[in-house]
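# Report on the structure
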Amino acid sequence: ILYNIPYIPGISYTSTLEIKSGSDNYLQDFTLKNMYAGGANDKGVAVAFYDRGTRTIAKNINCWSNQDTYVSNGARDYYETSTFAGTVDFICGNGDVWFQQCDLVINNRSGNVIAAPRTVDTEKWGYVFYENTISRAEGATLVTDKSWNLGRPWNNSPAATFLYTTMNTLPKDAGWTNMNNGKVLRFHEYGSKNGSGSTLDLSSRS
């Protein structure tokens, strides 16, 4: 377990681990925790993993923080059987990133959002979540059904797709929310199911 305790919040200088450049990095079997705890429920921006490289492959890594837990930057990356835990926009950035059978864990805060992509229009897919599981953290009493959203647009031409997701806690009916207006959105969802395995009715999605 690697952890840090920043003195002030910020997306560009609080990372527990940052890959500054390069390609074809491989990561496996460790945990990153950003322990910044400024404020009460809204802890502030504190990044556990900031990936500025490309073609990163990671298996069985755990990234834990609150806001902006994982940040991608122009990447083409692959994450398998890993855990990402946070509150506000805790998976954010640009690039084409595939999340395979990962656990997305919502920490204790109301009104959370999982993904905030800023995908540029030359990037084809943005964030793709395939056979992921969404749950609330143990003891996260502020996280209830229909208290959170799958994603919202950060910048550029944001793209995020949730495929065959198991949702142990359910998002708001609209599923998606707003942050910046005037963007061309590429948000998709297919085959979502609840914790019992029943297919969800997505007709009320935004």
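Presented here is a report on the structure given in the accompanying data block. (Residues numbered from 1 in each chain as written. Predicted model: local features only at pLDDT ≥ 70, side-chain atom pairs only at ≥ 80, totals over all residues. Heavy atoms only, no water.)

## Observations regarding the state of the cysteines
Tallied over the entire structure, the rule returns zero disulfides. The structure places no disulfide on C92, whose sulfur is separated from the nearest cysteine sulfur, that of C63, by 12 Å. (Disulfide = S-S within 2.5 Å.)

## A short note on the nonpolar core
Core analysis: the largest hydrophobic core is formed by 36 residues, its most contacted members being Y79, F84, I91 and F99. Broken down by element, the residue count for this core peaks at four residues, all from strand β8 (residues 88-100). Excluding anything up to four places from it in sequence, I91 contacts Y70, F84, F99, L104, I114, A115, A116, Y127 and F129. Core analysis: the next-biggest nonpolar cluster, separate from the first, contains six residues, V47, V71, C92 and A116 among them. (Core = buried A, V, L, I, M, F, W, Y, C linked by side-chain atoms within 4.5 Å. Buried < 20%, exposed > 50% of the residue type's maximum accessible area, 1.4 Å probe, protein only. Helix = DSSP H or I, 4+ residues; strand = E, 2+ residues; numbered from the N terminus. Contact = heavy atoms within 4.5 Å.)

## Considering the packing of aromatic side chains
Inspection of every chain in the model, using the stated rule, returns 17 aromatic pairs. Ring centres of Y70 and F84 lie 5.5 Å apart, and the angle between their planes is 65 degrees; on these two criteria the pair is classed as edge-to-face. Here Y70 is found in strand β6 (residues 70-80), whereas its partner F84 is found in strand β7 (residues 83-86), with 14 residues between them in sequence. A residue is classified by how much of its surface remains accessible, and F84, at 0% relative accessible area, is buried. With centroids separated by 4.5 Å and ring planes inclined at 15 degrees, the aromatic side chains of W176 and F187 adopt a geometry described as stacked. With W176 in the loop between β15 (166-167) and β16 (186-190) and F187 in strand β16, the pair connects residues that are 11 residues apart, well separated along the chain. Members of the aromatic cluster, connected to one another through ring pairs, are F49, Y70, Y79, F84, F99, Y127, F129, F162, W176 and F187. Above the face of the W64 ring, K33 is positioned so that its terminal group lies 5.7 Å from the ring centre. (Phe/Tyr/Trp six-rings, centres within 6.5 Å; stacked < 30°, edge-to-face > 60°. Lys NZ or Arg CZ within 6 Å of the ring centre and 35° of its normal.)

## Some details on unusual backbone geometry
Located in the positive-phi region is D24, a residue other than glycine, with phi close to 60 degrees. On the secondary structure map, D24 appears in the loop between β2 (17-19) and β3 (26-34). Although it is not a glycine, R55 adopts a positive phi angle of roughly 60 degrees. You can see R55 is positioned in the loop between β4 (49-51) and β5 (57-64). Under the relative-accessibility criterion, R55 is labelled partly exposed at 42%.

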